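Below are the chains, spelled out letter by letter.
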Amino acid sequence: MEFNTLNDGNRIPKLGFGVFQIPDPEVASQSVVDAIETGYRLIDTAASYGNEEAVGEGIRNSGVARGDLFVTTKLWVSDTGYDATRKAFETSLRKLGLDYLDLYLIHQPYGDVYGSWRAMEELQREGKVKSIGVSNFQPDRIMDLKLFNDVTPAVNQIEINPWNQQKESVDFLRENNIQSEAWAPFAEGQHDIFNNDLLTSIGKAHDKSVGQVILRWLTQRGAVALAKSTHRNRMEENFNSLDFTLTQEEMDQIASLDKKESQFFDHRDPAAVERIHGLVRHVD
Ligand code: NAP
């Protein structure tokens, strides 16, 4: 596995395995085992995915040493604020069956994220989490968080895929030495992405699949790519995406696919903010 170095000195694998929308505990646990056996070392979950226990079981069953893995989970909106964050962190750690996290992220830019950040800075100082970061933050929100606090986020996990390339955010993060991490790299298959003509023809030139081309395009842009699959053959396919290089011309061609809008929802839309505030509570 290849790594990037974060602004706090810790290393993060360039490719990760995500477990969003795997509600069945047996499937989630087995997927984590399969992914780790395939070679993935970064596992990305969240309190709101409801599968932290299953992910922990998969980690234990994989037989790979804890120190060789990079485990991320995320704080949900209803647990923001200093006290709630300290409590939610311990709940996540207990569910995962771990005694430290590699990366803890504020999942959404809503609620008392400033109180949360103070708790997360403290957890990092105590050695309970190695790196702290955010998710779905726009550049202006990151800049404010950074200027108002001691620790600059190490990571911002955002939607990045060929339909929503997030050039402004990716450039901003690079300039500010914050690692971009791509969620929904395949836009969850929307607009028939796996059969796109351009991505298919670029893949043919390298004897690679569309999925592999997309993941390589992301890692060549400097992002950590999170791929999710419950199928072992796809896990392997996605994992084998670092052993070729797209040309500048191919990178430019892929840039032309940008629709410049989220394939899911706009995090700045007040109706979306209201809907997300109403979702899930952290269950003890
Ligand atoms: P995604 O990775 O864009 O797409 C996953 C879908 O693609 C699944 O339906 C999977 O199907 C399919 N797939 C995977 N590899 C494939 C391949 N090689 N060929 C054909 N189909 C393939 O979407 P995502 O799961 O939403 O995003 C990835 C990860 O990002 C998540 O698991 C999660 O960890 C993270 N995430 C974070 C946020 C956030 O707000 N921070 C939001 C969404 C996701 P099968 O499983 O059936 O193979």
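An account of the accompanying structure is given in this report. (Residues numbered from 1 in each chain as written. Predicted model: local features only at pLDDT ≥ 70, side-chain atom pairs only at ≥ 80, totals over all residues. Heavy atoms only, no water.)

### A closer look at the packing of aromatic side chains
Move 1: Following the criterion strictly, the structure yields 7 aromatic pairs and no others.
Move 2: Residues tyrosine 114 and phenylalanine 148 carry aromatic rings whose centres are separated by 5.4 Å and whose planes lie at 85° to one another, so their mutual orientation is edge-to-face. Within this pair, whereas tyrosine 114 is found in helix α4 (residues 113–125), its partner phenylalanine 148 is found in helix α5 (residues 139–148), the two being separated by 34 residues in sequence.
Move 3: Residue phenylalanine 148 is classed as exposed on the basis of its relative accessible area of 56%. (Phe/Tyr/Trp six-rings, centres within 6.5 Å; stacked < 30°, edge-to-face > 60°. Helix = DSSP H or I, 4+ residues; strand = E, 2+ residues; numbered from the N terminus. Buried < 20%, exposed > 50% of the residue type's maximum accessible area, 1.4 Å probe, protein only.)

### What to know about the packing of helix α7 (residues 197–206) against helix α10 (residues 248–255)
Move 1: Relative orientation of the contacting elements α7 and α10 amounts to 165°, with a least axis distance of 10 Å. Relative to α10, the element α7 lies roughly antiparallel. As α7 runs across α10, the sense of the crossing is left-handed. Contacts from Leu198, Leu199, Ile202, Ala205 and His206 in α7 reach Glu250, Gln253 and Ile254 in α10.
Move 2: Class assignment for the residues of the contact of α7 with α10 results in 5 nonpolar, 2 polar and 1 charged. (Axes fitted to C-alpha atoms, helices over the stretch in contact; angles between N-to-C directions. Parallel < 35°, antiparallel > 145°, perpendicular 65-115°, else oblique. Left-handed = near helix turned anticlockwise from the far one by under 90°. Contact = heavy atoms within 4.5 Å. Nonpolar A, V, L, I, M, F, W, Y, C, P; charged D, E, K, R; others polar.)

### So, the site of the ligand
Move 1: Taken together, 25 residues lie near the ligand, and Asp44, Phe186, Glu188, Ser229 and Arg234 sit nearest.
Move 2: Within the side chain of glutamate 237, one N or O atom sits 3.1 Å away from a nitrogen atom of the ligand.
Move 3: Take asparagine 238: an N or O atom from its side chain is 3.0 Å from a nitrogen atom of the ligand.
Move 4: Against a free-state accessible area of 900 Å², the protein chains account for coverage of 89% of the ligand.
Move 5: Because more than half of its atoms lie within 2 Å of the grid, the ligand is assigned to the largest pocket.
Move 6: With 3 residues, the single largest contributor to the shell around the ligand is helix α9 (residues 232–239).
Move 7: Classifying every residue of the shell around the ligand by side-chain character gives 10 nonpolar, 9 polar and 6 charged. (Near = heavy atom within 4 Å. Polar contact = N/O pair within 3.5 Å; in protein donor to acceptor, adjacent residues only side chain to side chain. Areas by Shrake-Rupley, 256 points an atom, 1.4 Å probe, with all protein chains shown as cover. 1 Å grid on protein atoms, 1.4 Å probe; cavity = no way out; pocket = protein on both sides within 12 Å on 5 of 7 lines; lining within 4 Å. Sits in = over half its atoms within 2 Å of the grid points.)

### Observations concerning helix α1 (residues 25–38)
Move 1: The first and last C-alpha atoms of α1 sit 20 Å apart over 14 residues, in line with the 20 Å expected at 1.5 Å per residue.
Move 2: Taken residue by residue, α1 has Ala28, Ser29, Ser31, Val32, Val33, Asp34, Ala35, Ile36 and Thr38 as its buried positions.
Move 3: Just downstream of α1, glycine 39 is the residue with a positive phi angle, here 130°. (Expected span 1.5 Å × (residues − 1).)

### A closer look at the pattern of salt bridges
Pairs can form between side chains of opposite charge once their charged atoms are near each other.
Move 1: Inspection of every chain in the model, using the stated rule, returns 15 salt bridges.
Move 2: With its nearest N and O atoms 3.6 Å apart, the salt bridge here joins arginine 141 to aspartate 140.
Move 3: The exposure class of arginine 141 is partly exposed, given its relative accessible area of 35%.
Move 4: What you see here is one network of salt bridges that share partners, running through Asp34, Glu37, Arg232 and Glu236. (Salt bridge = Lys/Arg side-chain N within 4 Å of Asp/Glu carboxyl O.)

### Concerning the side chain of lysine 208
Move 1: As for its placement among the helices and strands, lysine 208 is situated in the loop between α7 and α8 (210–220).
Move 2: With relative accessibility at 17%, the residue lysine 208 sits in the buried group.

### Quick notes on the pairing of strand β6 (residues 101–106)
Move 1: Of all 6 residues in β6, 6 are buried, a share of seventy percent or more.
Move 2: When strand β5 (residues 70–75) meets β6, the two strands line up parallel, connected through 4 bridges. What sits directly across from threonine 73, in β6, is tyrosine 104. (Pairing = 2+ DSSP bridges.)

### As for the side chain of threonine 80
Move 1: In this structure, threonine 80 sits in the loop between β5 and α3 (82–96).
Move 2: There is a polar contact of 2.9 Å between the side chain of threonine 80 and the backbone oxygen of valine 77.
Move 3: Once residues lying within four places of it in the same chain are set aside, the contact partners of threonine 80 are Leu75, Thr85, Tyr110, Gly111, Asp112, Val113 and Ser116.

### Considering the environment of phenylalanine 17
Move 1: Within the secondary structure layout, phenylalanine 17 lies in strand β3 (residues 15–18).
Move 2: Judged by relative accessible area, phenylalanine 17 falls into the buried class, the value being 1%.
Move 3: Expressed as a C-alpha distance, the spacing of phenylalanine 17 and histidine 267, which sit 250 residues apart in the sequence, is 23 Å.
Move 4: Apart from the residues lying within four places of it in its own chain, the contact partners of phenylalanine 17 are Ser31, Val32, Ala35, Tyr40, Leu42, Ile43, Asp44, Ala227, Lys228, Ser229 and Met235.

### Topic: the sheet that holds β5
Move 1: One closed barrel accounts for 8 strands, arranged β3-β4-β5-β6-β7-β8-β9-β10; its pairing is parallel. Neighbour to neighbour, the strand axes of the sheet diverge by 30° on average, direction disregarded.
Move 2: Across 3 bridges, the pairing between strand β4 (residues 42–44) and β5 is parallel. Directly across from isoleucine 43, in β5, lies its bridge partner valine 71.

In short, geometric facts, not functional conclusions.
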